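The lines below spell out each chain.
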Amino acid sequence: PVVPRPAPGPGTDGLLMFAGRLSKEQGVDLLLKAVANIPWAQLEIAGDGPLRASLEGLARSLGIENRVRFHGWLSLDKIGNLHRRAAAVCVPSLWPEPFGYVAAEAMAAARPVVAADGGAFRELLGEGRGWLCPPSVDEWATCLTQALEDPGERCRRAERALQFVCSELDPVNVAHRYLGIYESSTD
């Protein structure tokens, strides 16, 4: 069946989301500290893991527990609903992600992404397809504020990201590129 192309939308102003395992390498502590510097921002976290209790404690100690919601594990449908509501999807990974599945999934859903400046995110979000952010609380607060304050820019970046996904990550297009490589190697 043909899946309708999602429309990039600005999302709910001030609402950020994170989806993933709550572990050290995911950088959720950095994200919480950045959100603490944006008094009107809210964050919804989908996922679970060994750091959930300490991250909930960090939110309390930062005084942002009323602006942060820990959902725990969510189904794909509920993640999709959260994508649609969020102004931006956050991927603060502290390690060099080799692919960046969460970012690519958000891009395919036409959602704007703010991600760590490293690993695969440079290729996925470069050329204005998202925001790339160095691993510092102040830098993250600045990037998130920029993303949250400009709905038009969120839509433009989400549209560029969706175009990239459709041209570069579509399975049929990838298969054709592989066939071209195999065919050229037999010449």
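Quick caveat: nothing in here was measured; it's all calculated off a predicted structure.

Student: Please explain the side chain of Glu97 as it appears in this structure.
Tutor: Relative to the helices and strands, Glu97 resides in the loop between strand S4 (86–91) and helix H4 (101–108). Of the buried charged residues, Glu97 lacks a salt bridge, with Arg21 as the closest side chain of opposite charge at 11 Å. A distance of 2.9 Å separates polar atoms of two side chains, one belonging to Glu97 and the other to Ser93. In this view, Glu97 contacts Gln26, Gly119, Ala120 and Phe121; residues no more than four positions away in its chain are not counted.

Student: Would you take a moment to explain the layout of surface pockets for this structure?
Tutor: The calculated volume of the second largest pocket comes to roughly 250 Å³. Put simply, the parts of the chain that give the lining of the second largest pocket at least two residues each are helix H3 (76–85) and H4. Top contributing element to the lining of the second largest pocket by residue count: H4, with three residues. Taken together, the residues that form the lining of the second largest pocket break down as eight nonpolar, three polar and three charged.

Student: In this structure, what is going on with the nonpolar core? I would like to understand it.
Tutor: Where a protein is soluble and globular, its nonpolar side chains tend to be buried together. Judged by nonpolar contacts, the single largest core of 31 residues is most densely connected at Leu16, Leu32, Ile45, Trp140 and Leu144. For this core, the elements supplying multiple residues, two or more each, are strand S1 (12–19), helix H1 (28–36), strand S2 (42–46), helix H2 (52–61), strand S3 (68–72), S4, strand S6 (131–133) and helix H6 (137–149). With residues up to four places along the chain from it excluded, the contact list for Trp140 reads Leu30, Leu31, Ala34, Cys90, Val91, Pro92, Val114, Ala115, Ala116, Cys133, Pro134 and Pro135. One finds Ala86, Val89, Val91 and Leu125 within the second-largest nonpolar core, a separate group that totals 22 residues.

Student: Could you clarify how one ought to interpret the state of the cysteines in this entry?
Tutor: The bond known as a disulfide is covalent and runs between the sulfur atoms of two cysteines. Enumeration over the complete set of coordinates arrives at zero disulfides. No disulfide involves Cys133; its sulfur sits 3.2 Å from the nearest other cysteine sulfur, which is in Cys143. Of the residues examined, Cys133 reaches a relative accessible area of 1% and is grouped as buried. Its relative accessible area of 8% is what places Cys143 among the buried residues.

Student: What is the right way to read the packing of aromatic side chains from this model?
Tutor: Two descriptors summarise a pair of aromatic rings, namely the distance from one centre to the other and the angle between the planes of the rings. Within the structure shown, the criterion is met by one aromatic pair. Sitting above the plane of the Trp131 ring, Arg157 keeps its charged end 4.2 Å from the centroid.

Student: Looking at this structure, how should I read a nonpolar patch on the surface?
Tutor: On the surface, a nonpolar cluster with roughly 460 Å² of combined accessible area is contributed by Tyr178, Leu179, Ile181 and Tyr182. Mapped onto the elements of the fold, Leu179 is located in helix H8 (residues 171–185). A relative accessible area of 47% means that Leu179 is categorised as partly exposed.

Student: So what exactly am I meant to see when it comes to the environment of Leu74 here?
Tutor: With respect to the helices and strands, the residue Leu74 is situated in the loop between S3 and H3. You can call Leu74 buried: its relative accessible area is 16%. The spacing of Leu74 and Ala46 is 28 residues in sequence and 6.2 Å in space, taken between C-alpha atoms.

Student: Would you take a moment to explain the sheet that holds S2 for this structure?
Tutor: Two orientations exist for strands paired in a sheet by backbone hydrogen bonds: parallel and antiparallel. Across the sheet, which stays open at both edges, the six strands sit in the order S3-S2-S1-S4-S5-S6 with parallel pairing between neighbours. Taken across any chain shown, the strands that pair with only one partner, and hence form the sheet edges, are S3 and S6. For this sheet, the mean inter-axis angle between neighbouring strands, taken without regard to orientation, is 20 degrees. One ladder, built from three bridges, connects S1 with S4; its direction is parallel. For Leu16, the partnering residue across the bridge sits in S4 and is Ala88. Sheet strands touched by H1: S1, S2, S3 and S4. Its angle to S2, the strand with the most contacts, is close to 160 degrees.

Student: Could you clarify how one ought to interpret the pattern of salt bridges in this entry?
Tutor: Think of it this way: side chains of opposite charge can pair up when their charged atoms draw near. Enumeration over the complete set of coordinates arrives at eight salt bridges. Between Arg122 and Asp117 there is a salt bridge; the shortest N-O distance is 2.8 Å. Note on Asp117: relative accessible area 32%, which makes it partly exposed. Ionic pairing is found between Arg129 and Glu127, a salt bridge with its closest N-O pair at 3.8 Å. According to the relative accessible area criterion, Arg129 is buried, its value standing at 9%.

Rules and cut-offs
- Residues numbered from 1 in each chain as written.
- Predicted model: local features only at pLDDT ≥ 70, side-chain atom pairs only at ≥ 80, totals over all residues.
- Heavy atoms only, no water.
- Helix = DSSP H or I, 4+ residues; strand = E, 2+ residues; numbered from the N terminus.
- Buried < 20%, exposed > 50% of the residue type's maximum accessible area, 1.4 Å probe, protein only.
- Lys, Arg positive; Asp, Glu negative; His and termini not counted.
- Salt bridge = Lys/Arg side-chain N within 4 Å of Asp/Glu carboxyl O.
- Polar contact = N/O pair within 3.5 Å; in protein donor to acceptor, adjacent residues only side chain to side chain.
- Contact = heavy atoms within 4.5 Å.
- 1 Å grid on protein atoms, 1.4 Å probe; cavity = no way out; pocket = protein on both sides within 12 Å on 5 of 7 lines; lining within 4 Å.
- Points joined across faces, edges and corners; volume = space filled by probe spheres on them.
- Nonpolar A, V, L, I, M, F, W, Y, C, P; charged D, E, K, R; others polar.
- Core = buried A, V, L, I, M, F, W, Y, C linked by side-chain atoms within 4.5 Å.
- Disulfide = S-S within 2.5 Å.
- Phe/Tyr/Trp six-rings, centres within 6.5 Å; stacked < 30°, edge-to-face > 60°.
- Lys NZ or Arg CZ within 6 Å of the ring centre and 35° of its normal.
- Patch = residues over 30% accessible without salt bridge, like charges linked within 9 Å, V, L, I, M, F, W, Y side chains within 5 Å.
- Areas by Shrake-Rupley, 256 points an atom, 1.4 Å probe, with all protein chains shown as cover.
- Pairing = 2+ DSSP bridges.
- Axes fitted to C-alpha atoms, helices over the stretch in contact; angles between N-to-C directions.

Purely geometric stuff here, so don't read any function into it on its own.
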